Amino acid sequence: MSGSPQEILVPTADQGVSVKAHKVARTGNGTQRVIGLLNNSKPNVNYFLEAIDAELASRFPDYKIVNFVKPRSAGPCLELDDIAEQCDFAINAVADCGSCTAWSVHDSIELEKRGVATIIVVTDVFEELSKEVAGSMGAANIRMATIAHPLGELKEHEVKARAKKNANRIIATLMAPANTDRSNLSAPAGPLPPLGSAEAVNDYFYAKRWTDGLPIVPPTAELISRFLATVATPADTIVGIIPPMMGRATVEKIAVNAAMAGCRPEYLPVVIAAVKAICHPDFNLLPIQATTNPVTPLIIVNGPIVEQLQLNSGYNVLGQGWRSNATIGRTLRLVLVNIGGGVPGRMDKACQGQPGKFSLCIAENAKASPWEPLHVEKGFAPDQNTVSVFGVTGTQDIVHYARTNAEEVLRTVIHSAPREGYKNLYSGGGPLIIFGPEQASILGKANLSKKDVKRIVFEGSKIPIDIFNAETVTLMKGRRQKYFAEMKDVREVAIADSAGDIEILVAGGAGNHSVFLPSWGDTRCVTVPI
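Predicted, not measured: the structure shown is a model, and the values here were computed from it.

## A look at the overall build of the chain
A tally of regular secondary structure across the chain gives 19 helices and 17 strands. On C-alpha atoms alone, the chain measures out to a radius of gyration of 25 Å, which is about the 24 Å that the 2.2 N^0.38 rule sets for 530 residues. Summarising its shape, the C-alpha atoms of the chain cover approximately 70 × 65 × 35 Å along the three principal directions. Per-residue burial for the chain yields a buried fraction of 57% across its 530 residues. Each charge sign in the chain was given a centre, from 52 positive and 53 negative side chains, and these centres are 2 Å apart.

Pasting the structure below:
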């Protein structure tokens, strides 16, 4: 960091990772070429690829065609090595939502890196996103074919007709030499123009889409120096790489966004820990940044630092009123936007979003809990300061009117769990239940452990699988393979893959309320020390 004390610093980061797609196809199959068809398990993709398979078979009778299925469209593709070992070419289909587009681009780049000429098929609504992600990952030359959106709502004959209509272009692009133009790779951020007032800074940053729409604190060099003084880590240390833009989240860039959000300098270690947590592979940040779902990180802070920073764990814990909660949560969103590129409508494709995307940070009310705190449950010492992150899709109030015993409290929770249209049902994972102190006390007096509560909720919230249509069941079986394998003859489906995947903590003030927070099914809770 250099310049005058009043110099305004830029909150964005330079591109962090370059993974350039190769243009060399495999030659290890002798005279026979092999084309792999990668089905990302989105609705109707099987019909689409059946039609493409037929077209390939008629045009290339000497080629071998092998089908692969990726069960989780919004997660790592475990089949990449098998495809690379067997195939010269691959058709990766179909990217038709934010999260699956981000991962499909990633998978295609990884196949190109392994020497497999690969084309990604994307619907037109998500074409811009796929190009943005590919360019940010240093692979602007990736092969791509765009088809009309939507695909999942069509009938089988309509899907196959669309595939046949686009087959010529898909096959021609796949077989053509790769384009080596990489002209749209992101460049380092340039210097800011003179900005003489706080109002001018706000207007400029807003026009650049560097804010969340609310006013920001101008991040002057002098202010950032005070933030950096609170940590021993050098300013240029990379805490993590934030997708989809793969920006370097350095300590200094995190501090700039924290200052903008209105944090006090002493909050910076908590923010750094939160950034580290969301970059853990288990959190699966790449699709979260691009998904059409309203998922957002929820930060939960544990340890003595809760009182030191006056983090709220009681009344209105999920609401407004506390600077530490509000600004720490807001900082994480600004990091996702400015360093990761999660700008609404550009990379962030959430259909409606949710208010928690402005800020969502709480502390656990450990003193009111009859159980071990969340961080102790995760293996940390009681006096250790930690941050946990959940990917949640919203909050649902649970009112416990006249519920005075443990059985009634848990029955209300079970009946409040969503019955359909709920991501955990389709993709696994597990929800978070925040019990109010009164309800937690009732459960504790009944000698129910966290493990007991999780088991009761897991078993009680199962719903008949026959309420879902056949296509949805097929999707669920693909995405929740472990659950269906372990349960054998599945006639009911639970809200989590296992009882242990349901998370529980205590927060809030006195009253007859608890909160149910569904999670985005393709993410897991991550806890890190501060």
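Now that the structure has been shown, the text picks up again.
## Considerations on unusual backbone geometry
For the bond running from alanine 93 to valine 94, omega is -10°, close enough to zero to count as cis. As for its placement among the helices and strands, valine 94 is situated in strand S3 (residues 89-95). A cis amide bond, omega 5°, links histidine 149 with the succeeding residue proline 150. Relative to the helices and strands, proline 150 is located in the loop between strand S5 (143-147) and helix H5 (156-175). Although it is not a glycine, asparagine 316 adopts a positive phi angle of roughly 60°. Take asparagine 316: it is sitting in the loop between helix H11 (305-308) and helix H12 (323-338).

## Some words on empty space enclosed by the protein
Counted under the stated rule, the structure contains two cavities of 30 Å³ or more. In this structure, the largest cavity encloses a volume near 60 Å³. Looking at the largest cavity, the residues that line it are Thr296, Pro297, Ile299, Gly329, Leu332, Arg333, Leu336, Gly356, Lys357, Phe358, Ser359 and Leu360. Elements supplying a minimum of two residues to the lining of the largest cavity: strand S8 (296-302) and H12.

## A closer look at the pattern of salt bridges
Using the criterion set out here, one finds 28 salt bridges in the structure. Among the ionic pairs, arginine 143 bridges to glutamate 112, the shortest N-O distance being 2.5 Å. Here arginine 143, found in strand S5, pairs with glutamate 112, found in helix H3 (residues 98-113); they are 31 residues apart in sequence, far enough to count as distant. Glutamate 127 serves as the salt-bridge partner of lysine 131, at 3.1 Å between the closest nitrogen and oxygen. Here lysine 131 pairs with glutamate 127, and both are found in helix H4 (residues 127-136), just four residues apart, close to one helical turn.

## Examining the packing of aromatic side chains
On inspection of all chains with the given rule, the structure shows nine aromatic pairs. Seen from their ring centres, phenylalanine 205 and tryptophan 210 are 5.0 Å apart, and the 90° between their planes marks the pair as edge-to-face. Seen from their ring centres, tryptophan 371 and phenylalanine 435 are 6.0 Å apart, and the 65° between their planes marks the pair as edge-to-face. With a gap of 64 residues between them, tryptophan 371 in the loop between strand S9 (361-363) and helix H13 (374-377) and phenylalanine 435 in strand S12 (residues 432-435) connect regions that are remote in the sequence. Overall, the relative accessible area of 9% leaves tryptophan 371 in the buried class. On the accessibility criterion, phenylalanine 435 (0% relative accessible area) is buried. An aromatic cluster of at least three residues, connected via ring pairs, comprises Phe60, Tyr63 and Phe89.

## Focus on the pairing of strand S1 (residues 34-39)
Across the six residues of S1, six count as buried, placing the element largely inside the fold. Of the two faces of S1, the one carrying Val34, Gly36 and Leu38 and the one carrying Ile35, Leu37 and Asn39 are both buried. Across six bridges, S1 lies against strand S2 (residues 64-69) in parallel orientation. Within the sheet, the bridge partner assigned to isoleucine 35 lies in S2 and is isoleucine 65. Handedness of the S1-helix H1 (residues 45-59)-S2 crossover: right-handed.

About the cut-offs
- One numbering rule holds for all chains: residues counted from 1, following each sequence as written.
- For a predicted model such as this one, the threshold for reporting local features is a pLDDT of at least 70, and the threshold for listing and counting side-chain atom pairs is 80 or more; totals across whole chains, interfaces and linings nevertheless cover every residue.
- As a convention, hydrogens and water are excluded, and side-chain values are obtained from all of the structure's heavy atoms.
- Secondary structure follows DSSP: runs of H or I at least 4 residues long count as helices, runs of E at least 2 residues long count as strands, and numbering of each begins at the N terminus.
- We take the radius of gyration over the C-alpha atoms and set the globule estimate at 2.2 Å times the residue count to the 0.38 power.
- Burial classes follow relative accessibility: with a 1.4 Å probe on protein chains only, a residue under 20% of its type's maximum area counts as buried, one over 50% as exposed, and anything between as partly exposed.
- Two residue types count as positive, namely Lys and Arg, and two as negative, namely Asp and Glu; His and chain ends fall outside the count.
- For charged residues, the charge sits on one atom: NZ in Lys, CZ in Arg, CG in Asp, CD in Glu.
- The method works on a 1 Å grid over the protein atoms by themselves. A cavity is a set of points holding a 1.4 Å probe that cannot get out, a pocket is an open set with protein on both sides within 12 Å along at least five of seven lines, and residues with an atom within 4 Å of a point line them.
- Grid points are joined across faces, edges and corners, and a volume is the space filled by probe spheres set on the points.
- Salt bridge, as used here, is a side-chain nitrogen of Lys or Arg placed within 4 Å of a carboxyl oxygen of Asp or Glu.
- Aromatic rings from Phe, Tyr and Trp, with only the six-membered ring used for Trp, were paired whenever their centres fell within 6.5 Å, and each pair was classed as stacked if the ring planes differed by under 30 degrees, edge-to-face if by over 60, and tilted otherwise.
- For two strands to be treated as a pair, DSSP must find at least two bridges joining them.
- The path from the first strand over the helix to the second decides the hand: if it runs clockwise while the strands point away from the viewer, the crossover is right-handed.

Keep in mind these values describe shape, not function.
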